[in-house]
Amino acid sequence: GYFKYSKCYNKHMKLTMHINLALFYMCLLSFSLSAETNPHQFIDEKSQEMVNVIVTNSDLFKSDPTAFKQKVKEIFEPMVDFRRVGAMVMGRTYYKNASFEQRNEFIEVFKSSLLDTYAETLAQWGDQKIETIWPDDSTEELPAVVDVNQKLITSSNTYPITYKVRNNGSSGWQIVNIVINGVNLGLTFRNQFQALAFENNNDINAVIINWSADIDV
C-alpha cells in the first residue's frame, strides 16, 4: 500500500546523482539531428563541442545564471522529443485520463524542471573526457530507433551511457530515453510520477504542481 509506494519513491529519489549525470549527458548532444545524419557521428562531434562550451562558460552560472540556463536551453529543447518522453513518464493510464491541457502543462513543467536541474549540475563539472563507442558495422539505412553508447571518463570514475534516439522524420533524430550506469532515466521519472499520483489520490493537477519541487536538487 502506501508504505510500499513511499519506499519506492524514496529509493528513486536517492538516484539524484545518476539523474543529474544523465541530464549532463543529455545536454552534451546538440540541436536536433537531421534525418540523414549518422547519430553516432553527430553525438560524438557535438559532445566535444558542448564540453568546450561548458568549460568556456564555467563562471557564467555564478555571474548570470539566467544567461547560463539560456545557453543550455537552446541546446536542450530541440534535441529531446518531450511529447513522447512526457507521455512515457506519465504512463499509459495517466496519459489517457489526462486532459489535453493537463498533458501540455505537465510537459512544460517537466521540461522546465529538467532545465533548471541540469543547468545547475553542469555548472559543477570540471575536466572530463567523452568517448563514443562506435558500432562494428555501419548500415546505410538506419532503423527508426538507435542506441548510441558513450563513456564519460572523469578523474575518479567512468560512467557508461546509452542514448535511445528516434528518427522523427522532419524533426530529425531526437532523444526518447537515456540509461546511465544501469539506471533507466525514463523509468525513474515514471516511477516518481506514479508515486506522486498515489500520494495525491491520482490527482494529476496535484502531481503537476508538486513535480518541480520533487526533482529539484
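This text follows the structure it describes.
Here is a short report on the structure shown in this document. Bear in mind that the values here come from a model prediction, so they are computed numbers and not experimental data. (Residues numbered from 1 in each chain as written. Predicted model: local features only at pLDDT ≥ 70, side-chain atom pairs only at ≥ 80, totals over all residues. Heavy atoms only, no water.)

1. Remarks on the pattern of salt bridges
Under the defined criterion, the tally for this structure stands at four salt bridges. Arg84 is the partner of Asp81 in a salt bridge, and the nearest nitrogen-oxygen pair spans 3.2 Å. In this structure, Lys164 and Asp147 form a salt bridge, with 2.8 Å as the shortest nitrogen-oxygen distance. Of the two residues, Lys164 sits in strand β3 (residues 158-167) while Asp147 sits in strand β2 (residues 145-153), which places them 17 residues apart along the sequence. With a relative accessible area of 32%, Lys164 lands in the partly exposed category. Accessibility expressed as a relative area gives 38% for Asp147, which makes it partly exposed. (Salt bridge = Lys/Arg side-chain N within 4 Å of Asp/Glu carboxyl O. Helix = DSSP H or I, 4+ residues; strand = E, 2+ residues; numbered from the N terminus. Buried < 20%, exposed > 50% of the residue type's maximum accessible area, 1.4 Å probe, protein only.)

2. Side note on the environment of Ala144
Along the polypeptide, Ala144 turns up in the loop between β1 (129-133) and β2. For the pair formed by Ala144 and Val165, sequence separation is 21 residues and the distance between their alpha carbons is 8.4 Å. Once residues within four sequence positions are removed from consideration, Ala144 is found in contact with Val165, Arg166, Asn167 and Trp173. (Contact = heavy atoms within 4.5 Å.)

3. Description of the pairing of β2
Of the two faces of β2, the one holding Val146, Val148, Gln150 and Leu152 is buried and the one holding Val145, Asp147, Asn149, Lys151 and Ile153 is not buried anywhere. Looking at chain direction, β1 and β2 are connected through five bridges and run antiparallel. Its bridge partner lying in β2, Lys129 is registered against Ile153. Judged from the nine bridges that link them, β2 and β3 form a sheet pairing that is antiparallel. Within the sheet, the bridge partner assigned to Val145 lies in β3 and is Arg166. (Pairing = 2+ DSSP bridges.)

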